Amino acid sequence: MQSLYANGWVVTMDDAATEHPHGWVLVEEGVIVSIGSGAEPAGRDDLERIDLGGAVVTPGLVNTHHHLCQTLTRARAQQADLFTWLRELYPVWARLDAEAEYAAARTGLAELALSGCSTAFDHHYVFPRGREGLVEAEVQAARELGVRIVASRGSMDLGVADGGLPPDDLVEDLDAIVADTERLHAELHEPGAGARVQIAVAPCSPFSVTGRLMEESATLARRLGLPLHTHLAETVEEEEYCRELYGCTPVEYLDRLGWLAEDVWCAHCVHLSPAEVRRFAETRTGVAHCPTSNLRLGAGIAPVRDLVDAGCRVGLGVDGSASNERSDLFAEVKQALLVARGRGGPDAMTAREALRLATRGGAAVLGREDLGTLEPGRQADLAIWAVDGLELGGAEDPVAGLVFAGPHRVERLVVGGEDVVRGGALVRAEEAEIARAHRVQARRFA
Ligand SMILES: [Zn+2]
């Protein structure tokens, strides 16, 4: 069957930043066939015409950093910096099992979908010994809701006894980490265009992982063709830690380990020198910018204007729900714009540039050529935004209006040609039931 999404304001995010104010998108078998404005294509006999009534159509948003399990532990350590916050939460997260992870993932992914996000990366690195099926639980939740997931087999192997931050009972043995990553790759990873489930290799951070695990992770990922991810340069305390332990900045440390490269993206990158920004650009290393989380923990504001101007790949992330209690990626679009302007003045970022970070930028960060723009041959991942509500009255430019007036519940979310959200509600699951089941699990972490 062919579907024609007609009478919309289509924001393609292609190289020329083309927009069709009276546009249409023709979709077949989950892939975009053609896009245009004016006269609609005749299509085939089985064409279904969907009138969007002037709604804005953007590519589905791509989230580049999250910890879905943290939905179980929101609003803790309310005034803490990163290290204090982590020390309070590690022992709580140590209670995680597959049942709780499934409830957490359903909640976080449903929130993301309702904010227009069609593809979510989850950086899961908490693997309490003997608890199995954690990554599988997230993948099941994503499949049920209908969104794409890139799930990480994260890791920690540097406990308190060895000078790290996490408790010793929450760190794992290097060989077990590598073996489990290989298993998940074999069982779950889908290569190529249109993939709905992918695996990433993601040791947690310089203060919870040994240099040896960082190197072994890179070797493994490059052998299997998987992307690499970690936290980097989030706080001044992290920089002090690295200087003391390794005699260099976190970025220099990663560079030494062979981790600045095109198959890597790093979360945060708040504290980068101008030379380090240039190094990110030279090496094509990606960045997951998480402005709300960085503000919540008082970590600072990443130099996103500089990173974009240097030619870096930059996407947006909501980050985990214990440091950004809301998994709303559209809220991060507005937040990215606001913090860029707070740092660099009113022309530091346009509304469309902010939206580009959350779509094309995110897809580039995850290495997904098939996502992030609306062009023939790309996946039919469409976020459709109503513009007839109270908050957009008087906005002649509905695209800028959406960003400035955000966040919004998406009107319709299409992933690979299939509806995930329709009329602002989940299509394949019941929101109230997800919330009830989540509260039952969350009580176990009180
Ligand atoms: Zn994080």
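What comes next is a walk through the structure. What you are looking at is a predicted structure, and each value in this text was computed from that prediction instead of being measured.

What to know about the nonpolar core
Counting residues in each nonpolar core, the largest one holds 124 residues, and the members touching the most others are Trp85, Leu86, Trp93, Leu109 and Phe280. Tyr5, Val25, Val57 and Leu382 belong to the second-largest nonpolar core, a separate cluster that totals 15 residues.

Remarks on the pattern of salt bridges
Following the criterion strictly, the structure yields 34 salt bridges and no others. Arg183 serves as the salt-bridge partner of Asp180, at 2.8 Å between the closest nitrogen and oxygen. Here Arg183 and Asp180 lie together in helix H4 (residues 174–188), a separation of three residues that amounts to about one turn. For Glu325, the salt bridge identified is with Arg296, shortest N-O distance 2.7 Å. Here Glu325, found in the loop between strand E13 (314–316) and helix H11 (329–344), pairs with Arg296, found in helix H9 (residues 291–296); they are 29 residues apart in sequence, far enough to count as distant.

A short note on the coordination of the zinc ion
Surrounding the zinc ion are the protein donor atoms His65 (NE2), His67 (NE2), His231 (NE2) and Asp319 (OD), which sit 2.1 to 2.5 Å from the metal. The coordination sphere of the zinc ion comprises four donor atoms, whose angles at the metal cover 88 to 174°; the geometry is irregular. Linear spacing of the donor residues for the zinc ion on their chain is H-x1-H-x163-H-x87-D. A residue pair is termed long-range when its members are at least 10 positions apart, and His67 in the loop between strand E6 (61–63) and helix H1 (82–93) and His231 in strand E10 (residues 228–232) qualify at 164 residues. According to the relative accessible area criterion, His67 is buried, its value standing at 3%.

Quick notes on the packing of aromatic side chains
Throughout the structure, instances matching the rule amount to seven aromatic pairs. On the basis of an interplanar angle of 55° and a centroid distance of 4.7 Å, the ring pair of Phe330 and Trp385 is categorised as tilted. With Phe330 in helix H11 and Trp385 in strand E14 (residues 382–385), this pair connects stretches of sequence that are 55 residues apart. We classify Phe330 as buried; its relative accessible area is 1%. Cluster of aromatic residues (ring-pair linked, three or more members): Phe83, Phe207 and Tyr241. The aromatic ring of Phe127 is capped on one face by Arg153, whose charged end is 3.7 Å from the ring centroid.

Calculation criteria
- Residues numbered from 1 in each chain as written.
- Predicted model: local features only at pLDDT ≥ 70, side-chain atom pairs only at ≥ 80, totals over all residues.
- Heavy atoms only, no water.
- Core = buried A, V, L, I, M, F, W, Y, C linked by side-chain atoms within 4.5 Å.
- Buried < 20%, exposed > 50% of the residue type's maximum accessible area, 1.4 Å probe, protein only.
- Salt bridge = Lys/Arg side-chain N within 4 Å of Asp/Glu carboxyl O.
- Helix = DSSP H or I, 4+ residues; strand = E, 2+ residues; numbered from the N terminus.
- Donors = N, O, S within 2.8 Å, 3.2 Å for Na, K, Ca; no water.
- Tetrahedral: all angles 85-135°; square planar, octahedral: opposite > 155°, others 65-115°.
- Phe/Tyr/Trp six-rings, centres within 6.5 Å; stacked < 30°, edge-to-face > 60°.
- Lys NZ or Arg CZ within 6 Å of the ring centre and 35° of its normal.

Remember that the coordinates give geometry; whether it matters functionally is a separate question.
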